[in-house]
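Chain and residue survey
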Amino acid sequence: MFCFQCEQTAGCKACTGNAGVCGKPFDVALAQDELTGALVGLARTCRVAGTRSEAADELTVDGLFTCVTNVDFDIEAVNAITERVRAERDRLAAERGVRPAVDLQMGGLWSADEDVRSLKSLVLFGIRGMAAYAYHARVLGRRSERVDAFFSKALALLGDELTVPELLPLALEVGEVNLECMGMLDEANTSTYGTPTPTEVPLAVEPGPFIVVSGHDLRDLDLILQQTDGTGVSVYTHGEMLPAHAYPRLKAHPQLKGNFGTAWQNQRTEFDAIPAPVVFTTNCLMPPKASYSDRVFTTEMVAYPGLRHIDGDANEKDFTPVIERAKELGGYATRQERHGINGGTTVTTGFSHGAVLSVADKVVDAVKSGQLNHIFLVGGCDGARPGRNYYTEFVRQTPKDSAVLTLACGKYRFNDLDLGTVAGLPRLMDVGQCNDAYGAIQIAVALAKAFDCGVNDLPLSFVLSWYEQKAVCILLTLLHLGIKGIKLGPTLPAFVSPNVLKVLVDQYGIAPTTTPEADLAELLA
Ligand code: FS2
Ligand code: SF4
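Procedures and definitions
Residues numbered from 1 in each chain as written. Chains lettered and ligands numbered in written order. Predicted model: local features only at pLDDT ≥ 70, side-chain atom pairs only at ≥ 80, totals over all residues. Heavy atoms only, no water. Buried < 20%, exposed > 50% of the residue type's maximum accessible area, 1.4 Å probe, protein only. Helix = DSSP H or I, 4+ residues; strand = E, 2+ residues; numbered from the N terminus. Pairing = 2+ DSSP bridges. Right-handed = clockwise from strand over helix to strand, strands pointing away. Domains from an automatic or database assignment. Contact = heavy atoms within 4.5 Å. Buried area = accessible area lost by both parts, 1.4 Å probe. Nonpolar A, V, L, I, M, F, W, Y, C, P; charged D, E, K, R; others polar. Core = buried A, V, L, I, M, F, W, Y, C linked by side-chain atoms within 4.5 Å. Axes fitted to C-alpha atoms, helices over the stretch in contact; angles between N-to-C directions. Near = heavy atom within 4 Å. Parallel < 35°, antiparallel > 145°, perpendicular 65-115°, else oblique. Lys, Arg positive; Asp, Glu negative; His and termini not counted. Salt bridge = Lys/Arg side-chain N within 4 Å of Asp/Glu carboxyl O. Polar contact = N/O pair within 3.5 Å; in protein donor to acceptor, adjacent residues only side chain to side chain. Expected span 1.5 Å × (residues − 1).

**A few points about the pairing of strand β3 (residues 234-237)**
- A two-sided burial pattern is seen for β3, the buried positions comprising Ser 234 and Tyr 236 on one face and Val 235 and Thr 237 on the other.
- As defined by bridge partners, strand β2 (residues 210-214) adjoins β3 across four bridges and the pair is classed as parallel. Among the inter-strand pairings, Ile 211 is bridged to a residue of β3, identified as Val 235.
- Between the parallel elements β2 and β3, the chain passes through helix α8 (residues 218-228) in a crossover that is right-handed.
- One ladder, built from three bridges, connects β3 with strand β4 (residues 256-259); its direction is parallel. Bridge assignment links Tyr 236 to a residue of β4, and that residue is Gly 258.

Rendered as structure tokens:
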């Protein structure tokens, strides 16, 4: 196997051998390569035929999302999608009277010239991340012709012989289209569930049966809430589901009680003795320990051999097996006090662009009067690699006349800290999930407009942590917008070759994180 798509890749180079660091076995890695090669074959067939189909678009999104880190560890599930992709390719080719294109052999890509491999990887991993967002939007009834057409175009191009100057703009185009895709998901989430408002979320677990819901899919949480109404079963969010508490139509369910645990990489400890079922709606699933695997359910594209999968149409899924399991397990007999990693007992979320821009005047006045001197966006993924406490220390050391916007699961390093207020605003504001980077961008653009300057001229710095492929597409979006001087950690992507890195440094001033002290001094200078 060869896989180097995520931050924890072996030796900061690549996972090879029998299994990846994430626990993905070599045969699943090979099956995911085969699936990706088949998606390229389908896209090339669409290109020759001059058309796509709804089934091809759906399978493309499903297939790309399946290959995101910590989503699918089940070879049968992966192979089943590959077969459907090939069948749709053949059907479409027959319908259009063209020859079906052959699958791409991914080994050729992994052993290509290192700059070509680097840029094609940026494109492929970026569209894998974007596919997750397109998927969440689709279950809420949203699709975008531009987004779907781009998936097909980019996949077909991955099979072509392209040069570095041809591939660079394609990578930036991933960022451009991802902005549209995140915007589509933002519109889907807010029009379905309302505009998030700042909400304090307890970390304690109340007595009685409960379900923990992890991942990013709000529709799954919505269904679970509807199906637990009046049953006496409580619901807790986990990981990236935390921002759900801020959506009016989700928090209207009184059984949505709080947030369980911290970021994804702590699940094998935090779920060990839990008297409740856990549902994974998306990444980040880790191979479960035997001590709790009988309590873990997967749904949508998430799959793991031996775990129970809740299947069915995204809008009519039946979570009864999960609810029954919650009742059997019974939950805790007494209230469990639980804490964030810095000892806090609550966290606050819901500083969406809608909420922050409703007090935009206050923010602008605070900057103009000098009360608010700097805004840091400290966002991205959490992960297991040592060195990620950089982000805790960075946030802890930000000056009192600054504010910190955050998003995605990296915030669990510091979201239970009490940073107080600045100019009447909380100093720490959680914008939401990783896809809510869209919201953070809207906030930055609105501030730039208010000050009649560019985003790079604002007293605003981006300090990002990455782990999987959604971080890749978000980074490409920021580059597409021309954002300069991003600090990126805890390590740089293994798939970025020295020459590609040089372009990123020369044109965008991207730099690896160093120490909180040095980075803060530089960003505030
Ligand atoms: Fe965190 Fe994992 Fe959100 Fe990533 S829970 S690293 O999938 O997309 O962020
Ligand atoms: Fe390795 Fe990451 Fe690939 Fe898993 S997803 S095999 S950890 S590079």
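Right, picking up where we left off after that structure.
**Observations concerning the pairing of strand β13 (residues 428-432)**
- Burial within β13 is extensive, with five of its five residues counted as buried.
- As paired strands, strand β10 (residues 402-407) and β13 are joined by four bridges and run parallel to one another. Among the inter-strand pairings, Thr 406 is bridged to a residue of β13, identified as Asp 430.

**Thoughts on the domain arrangement of the protein chain**
- Partitioning the protein chain into domains gives domain 1 (10-192), domain 2 (199-329) and domain 3 (350-524).
- Distance between the C-alpha centres of domain 2 and domain 3: 29 Å.
- Listed by partner, the interface residues are 19 residues for domain 2 and 19 residues for domain 3.
- Counting the surface domain 2 buries against domain 3, the share from its top three residues, Glu 240, Trp 264 and Gln 265, is 38%.
- Looking at the side of domain 2 that touches domain 3, its residues break down into nine nonpolar, nine polar and one charged.

**Considering the nonpolar core**
- Judged by nonpolar contacts, the single largest core of 150 residues is most densely connected at Ile 127, Met 130, Phe 151, Ile 211 and Ile 486.
- With 15 residues, the top contributor of residues to this core is helix α5 (residues 114-139).
- In this structure, Val 212, Phe 271, Val 278 and Tyr 304 belong to the second largest nonpolar core, which totals 18 residues.

**So, the sheet that holds strand β14 (residues 460-465)**
- Read from one edge to the other, the open sheet built from six strands follows the order β13-β10-β9-β14-β15-β16, with strand pairing classed as parallel. The outermost strands of the open sheet, each flanked by one partner alone, are β13 and β16 (511-512).
- Two elements, strand β9 (residues 374-380) and β14, share six bridges in a ladder whose sense is parallel. Each residue of the ladder has a partner; that of Leu 377, found in β14, is Phe 462.
- Where helix α15 (residues 437-450) meets the sheet, it contacts β9, β10, β13 and β14, and its direction lies at approximately 145° from that of β10.

**A few points about the site of ligand 2**
- In the neighbourhood of ligand 2, 13 residues make up the surrounding shell, with Cys 3, Cys 6, Cys 15, Cys 22 and Thr 69 lying closest.
- Of the residues belonging to the shell around ligand 2, the class tally is seven nonpolar, five polar and one charged.

**Observations concerning the sheet that holds β4**
- The parallel open sheet is built from six strands, whose spatial order is β4-β3-β2-β5-β6-β7. Edge strands, defined here as strands with exactly one partner in the open sheet, are β4 and β7 (308-310). Taking each pair of neighbouring strands and ignoring which way they run, the sheet shows an average axis angle of 30°.
- Pairing geometry for strand β6 (residues 296-299) and β7, over three bridges, is parallel. Paired with Thr 299 across the strands is Ile 310, a residue of β7.
- Lying over the sheet, α8 contacts β2, β3, β4, β5 (278-280) and β6, oriented at roughly 165° with respect to β3.
- Contacts from helix α11 (residues 320-329) reach β2, β5, β6 and β7 within the one sheet, and its direction differs from that of β2 by about 130°.

**Quick notes on the packing of α5 against helix α17 (residues 498-508)**
- Put simply, α5 and α17 touch, their axes get as near as 8 Å, and they point 60° apart. In terms of orientation, α5 and α17 fall into the oblique class. Contacts between α5 and α17 involve Glu 114, Asp 115, Ser 118, Leu 119 and Leu 122 from the former and Pro 498, Asn 499 and Val 500 from the latter.
- Residue composition of the contact of α5 with α17, by class: four nonpolar, two polar and two charged.

**Side note on the side chain of Glu 240**
- Looking at where Glu 240 falls in the secondary structure, it is placed in the loop between β3 and α9 (248-251).
- No salt bridge is formed by the buried Glu 240; the nearest opposite charge belongs to Lys 411, separated by 4.3 Å.
- Polar contacts involving the side chain of Glu 240 include one to the side chain of His 216, which spans 3.3 Å.
- Within polar-contact distance, the side chain of Glu 240 engages the backbone nitrogen of Cys 434 at 2.9 Å.

**Observations regarding helix α16 (residues 469-480)**
- Spanning 12 residues, α16 covers 17 Å between terminal C-alpha atoms, matching the ideal 16 Å at 1.5 Å per step.
- Turning to α16, its buried residues are Gln 469, Lys 470, Ala 471, Val 472, Cys 473, Ile 474, Leu 475, Leu 476, Thr 477, Leu 478 and Leu 479.
- Buried positions along α16 lie against α5, α7 (164-193), α15, β14, β15 (487-489) and α17.
- At the N-terminal boundary of α16, the capping side chain belongs to Glu 468, with an oxygen 3.1 Å from the backbone nitrogen of Lys 470.

**Concerning unusual backbone geometry**
- For the bond from Asn 283 to Cys 284, the omega torsion is 20°, close enough to zero to count as cis.
- By secondary structure assignment, the location of Cys 284 is in the loop between β5 and β6.
- The phi torsion at Ala 408 lies on the positive side, around 70°, for a residue other than glycine.
- You can see Ala 408 is positioned in the loop between β10 and β11 (421-422).
- In this model, Asp 452 sits at a positive phi of 55°, which is unusual for a non-glycine residue.
- Residue position: Asp 452 is located in the loop between α15 and β14.
- Classification of Asp 452 by relative accessible area gives exposed; the value is 73%.

**Here we look at α5**
- The first and last C-alpha atoms of α5 sit 38 Å apart over 26 residues, in line with the 38 Å expected at 1.5 Å per residue.
- Taken across its 26 residues, α5 has 24 buried, putting it largely inside the fold.
- A positive backbone phi angle near 85° is found at Gly 141, which sits one or two residues after α5.

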